[in-house]
Amino acid sequence: NAGVTQTPKFRVLKTGQSMTLLCAQDMNHEYMYWYRQDPGMGLRLIHYSVGEGTTAKGEVPDGYNVSRLKKQNFLLGLESAAPSQTSVYFCASSLTTGTSGRKYEQYFGPGTRLTVT
Amino acid sequence: AQSVTQPDIHITVSEGASLELRCNYSYGATPYLFWYVQSPGQGLQLLLKYFSGDTLVQGIKGFEAEFKRSQSSFNLRKPSVHWSDAAEYFCAVGAFGGSQGNLIFGKGTKLSVKP
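Residues numbered from 1 in each chain as written. Chains lettered and ligands numbered in written order. Predicted model: local features only at pLDDT ≥ 70, side-chain atom pairs only at ≥ 80, totals over all residues. Heavy atoms only, no water.

**Things to note about the sheet that holds strand β8 (residues 73–78) of chain A**
All names here are of chain A. We apply this condition: Note on pairing: two strands pair once DSSP finds at least 2 bridges between them. Helix and strand definitions here come from DSSP, where helices need a minimum of 4 consecutive H or I residues and strands a minimum of 2 consecutive E residues; each element is numbered from the N-terminal end. Under this scheme, a helix contributes an axis fitted over its contacting stretch, all axes are lines through C-alpha atoms, and angles between N-to-C directions fall in the 0 to 180 degree range.
Strand order in the open sheet made by the four strands is β1-β3-β8-β7, with antiparallel pairing throughout. Each edge of the sheet is formed by a strand with only one pairing partner; in this case those strands are β1 (4–7) and β7 (65–67). Each strand axis lies, on average, 20° off the axis of its neighbour in the sheet, ignoring direction. Taken together, the six bridges between strand β3 (residues 19–25) and β8 define a ladder with antiparallel strand orientation. Residue pairing in the sheet places M19 in a bridge with L78 of β8.

**Let's talk about the interface of chain B and chain A**
Applicable threshold: Contact criterion: two residues are considered in contact whenever any of their non-hydrogen atoms come within 4.5 Å of each other. Note on definitions: salt bridges are taken to be side-chain nitrogens of Lys or Arg within 4 Å of carboxyl oxygens of Asp or Glu. When residues are grouped by polarity, Ala, Val, Leu, Ile, Met, Phe, Trp, Tyr, Cys and Pro land in nonpolar, Asp, Glu, Lys and Arg in charged, and all others, Gly among them, in polar.
Every contact between the two is made by 23 residues of chain B and, on the other side, 24 residues of chain A. Here chain B is connected to chain A by one salt bridge. Between K49 of chain B and E105 of chain A there is a salt bridge, with its nearest N and O atoms 3.3 Å apart. Among the secondary structure elements, those contributing two or more residues to the side of chain B that touches chain A are β5 (33–38), β6 (44–50), β10 (87–94) and β11 (103–105) of chain B. A breakdown of the residues in the side of chain B that touches chain A according to their chemical character gives 10 nonpolar, 11 polar and two charged.

**So, the side chain of R36 of chain A**
All names here are of chain A. For the record, the criterion: Relative accessible area decides the class of each residue, using a 1.4 Å probe on protein chains only: under 20% of the type maximum gives buried, over 50% gives exposed, and in between gives partly exposed. Any pair of N or O atoms that falls within 3.5 Å is considered a polar contact. Within protein, one atom must be able to donate a hydrogen and the other to accept it, and sequence-neighbouring residues count only if both atoms are side-chain atoms.
Note that R36 resides in strand β4 (residues 31–38). R36 gets classed as buried once you look at its relative accessible area, which sits at 10%. A polar contact of 2.8 Å, which involves the side chain of R36, links it to the side chain of D38. Here Y64 takes part through its side chain, which lies 2.9 Å from a polar atom of the side chain of R36. Filtering out sequence-adjacent residues up to four positions away, R36 remains in contact with G42, L43, R44, I46, V60, Y64, S84, Q85, T86, S87, V88 and Y89.

**A word on the state of the cysteines**
Where we set the bar: Cysteine sulfur atoms are paired as a disulfide whenever they fall within 2.5 Å.
The tally for this structure, following the rule as stated, stands at two disulfides over all chains. With a sulfur-sulfur separation of 1.9 Å, C23 of chain A is cross-linked through a disulfide to C91 of chain A. Between C23 of chain A and C91 of chain A the disulfide shows an S-S torsion of about -75°. By sign, it is left-handed. With C23 of chain A in strand β3 and C91 of chain A in strand β9 (residues 87–94), this residue pair connects regions lying 68 residues apart in the sequence. For C23 of chain A, a relative accessible area of 0% puts it in the buried group. We classify C91 of chain A as buried; its relative accessible area is 0%. Paired by a disulfide, C23 of chain B and C91 of chain B hold their sulfur atoms 2.0 Å apart.

The values are spatial; any link to function lies outside them.
What follows is the structure in structure tokens.
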């Protein structure tokens, strides 16, 4: 099992450019999440998905879009990158079966470090 | 609204010393609680979790945590710290309401280990 993988690991963008971050999981998890991590801010939820074809906004969704066309993949898009989007982005996934607490047990990818100049 | 507080931003301990990282949460009912560890340049790894039952839970790497309802706390402990434990530690609580599995994270405590 590879678990949760993220592509790319690093990226540098110029202001106004667009890009897509890819998250893939091979654990057959229903729920998937995108976070950003900034110094002193902890992790903040951008968007999440409770199943294929469904997405929802988290705490800081502005400037980002997501898609979940396949159960195992969750894409995060930046249409017009801004320096404020310089951050480390983490994807996570969790199960929905078993005890009710299991859906909160999230497994994280290694992260993508994005710099917008 | 639910929240998680980690009062200590940075803690330094000597190798071999004991460790306690504090976590307080605000939530009316019994929460689902987690501790994650993040080594430099890495993703978050689940250390341990509390769902119900025994209030002292054991995790990986020799860590344990105790749920104290009366104090709304879920402090992480280790009896003897190793240099490889230097990392950032995050406490999290499952967000109540809705069917999704959203977590609310504390802002983290960075642990440094002195030789």
